Amino acid sequence: MNPGPWVKHSMNVGIAARNIAEKIPGMDPEKAYIVGLLHDIGRRVGIVDIPKHVYEGYKYCMEKSWDEAARICMTHSYLLMQEEFGYEPVREDEKAIKAYIMECVTDDYDRLIQLCDSLAVDYGFVILEKRFVDVTRRYGIMEG
Ligand SMILES: [Fe+2]
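Below you will find a few notes about this structure. (Residues numbered from 1 in each chain as written. Predicted model: local features only at pLDDT ≥ 70, side-chain atom pairs only at ≥ 80, totals over all residues. Heavy atoms only, no water.)

### Points about helix H1 (residues 5-21)
Relative to the 24 Å expected for 17 residues at 1.5 Å per residue, H1 spans 24 Å between its end C-alpha atoms, a close match to the ideal helical length. Burial in H1 covers these residues: Trp6, His9, Ser10, Asn12, Val13, Gly14, Ala16, Ala17 and Ala21. Looking at the buried side of H1, the elements it contacts are helix H2 (29-38), helix H6 (108-119), strand E1 (120-121), strand E2 (124-125) and helix H7 (128-139). (Helix = DSSP H or I, 4+ residues; strand = E, 2+ residues; numbered from the N terminus. Expected span 1.5 Å × (residues − 1). Buried < 20%, exposed > 50% of the residue type's maximum accessible area, 1.4 Å probe, protein only. Contact = heavy atoms within 4.5 Å.)

Right, dumping it as structure tokens:
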């Protein structure tokens, strides 16, 4: 629906997540791969900002009853979780995200995909610092 570098990025997040999960006792590499693949699926709807792609992905996965993937769509963009929501959102999608995150306790899959999202680009894997520069170039620096 919306071709772009996010598709290859998503595949690489899945691969990184699977490779790391294979080394961690108790983690399921297949689950890690699938939730990694789907974390940005909200981008299917077109050009989106952070809250919109997060919430579109959540809704899409919930419609399919993929609740574990839906959860990762929500958590992957909010590394500090509750601490990121010290304000009252105005937009409906952000309100829904805040309500969800405030009730959410992170697990190893949330943290794994947050990490892999920062390691994987469309053309492969980079150090975290390089990825942060890449994201900042696209979205700018947030205040606060
Ligand atoms: Fe994302």
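### Description of the coordination of the iron ion
Taken together, the protein ligands of the iron ion are Asp40 (OD), His53 (NE2) and His76 (NE2), with distances of 1.8 to 2.1 Å. His53 gets classed as buried once you look at its relative accessible area, which sits at 1%. Given the relative accessible area of 2%, His76 is considered buried. (Donors = N, O, S within 2.8 Å, 3.2 Å for Na, K, Ca; no water.)

### Considering the environment of Ala32
Summarising the element assignment, Ala32 is placed in helix H2. Accessibility expressed as a relative area gives 0% for Ala32, which makes it buried.

### Thoughts on the layout of surface pockets
The computed volume of the largest pocket comes to approximately 1400 Å³. Around the largest pocket, the lining is made up of 48 residues, and of these Ile50, Ser77, Val135, Arg138 and Tyr139 lie nearest the centre. Listed by contribution, the elements that provide at least two residues to the lining of the largest pocket are H1, helix H3 (50-63), H6, E1 and H7. Per-element accounting of the lining of the largest pocket gives the leading share, 10 residues, to H7. Here the residues of the lining of the largest pocket sort into 21 nonpolar, 12 polar and 15 charged. (1 Å grid on protein atoms, 1.4 Å probe; cavity = no way out; pocket = protein on both sides within 12 Å on 5 of 7 lines; lining within 4 Å. Points joined across faces, edges and corners; volume = space filled by probe spheres on them. Nonpolar A, V, L, I, M, F, W, Y, C, P; charged D, E, K, R; others polar.)

### Things to note about the side chain of Ser118
By secondary structure assignment, the location of Ser118 is in helix H6. We classify Ser118 as buried; its relative accessible area is 8%. At 3.3 Å, the side chain of Ser118 and the backbone oxygen of Gln114 are in polar contact. With near-sequence residues (within four places) excluded, Ser118 lies in contact with Val126, Ile127, Leu128, Arg131 and Phe132. (Polar contact = N/O pair within 3.5 Å; in protein donor to acceptor, adjacent residues only side chain to side chain.)

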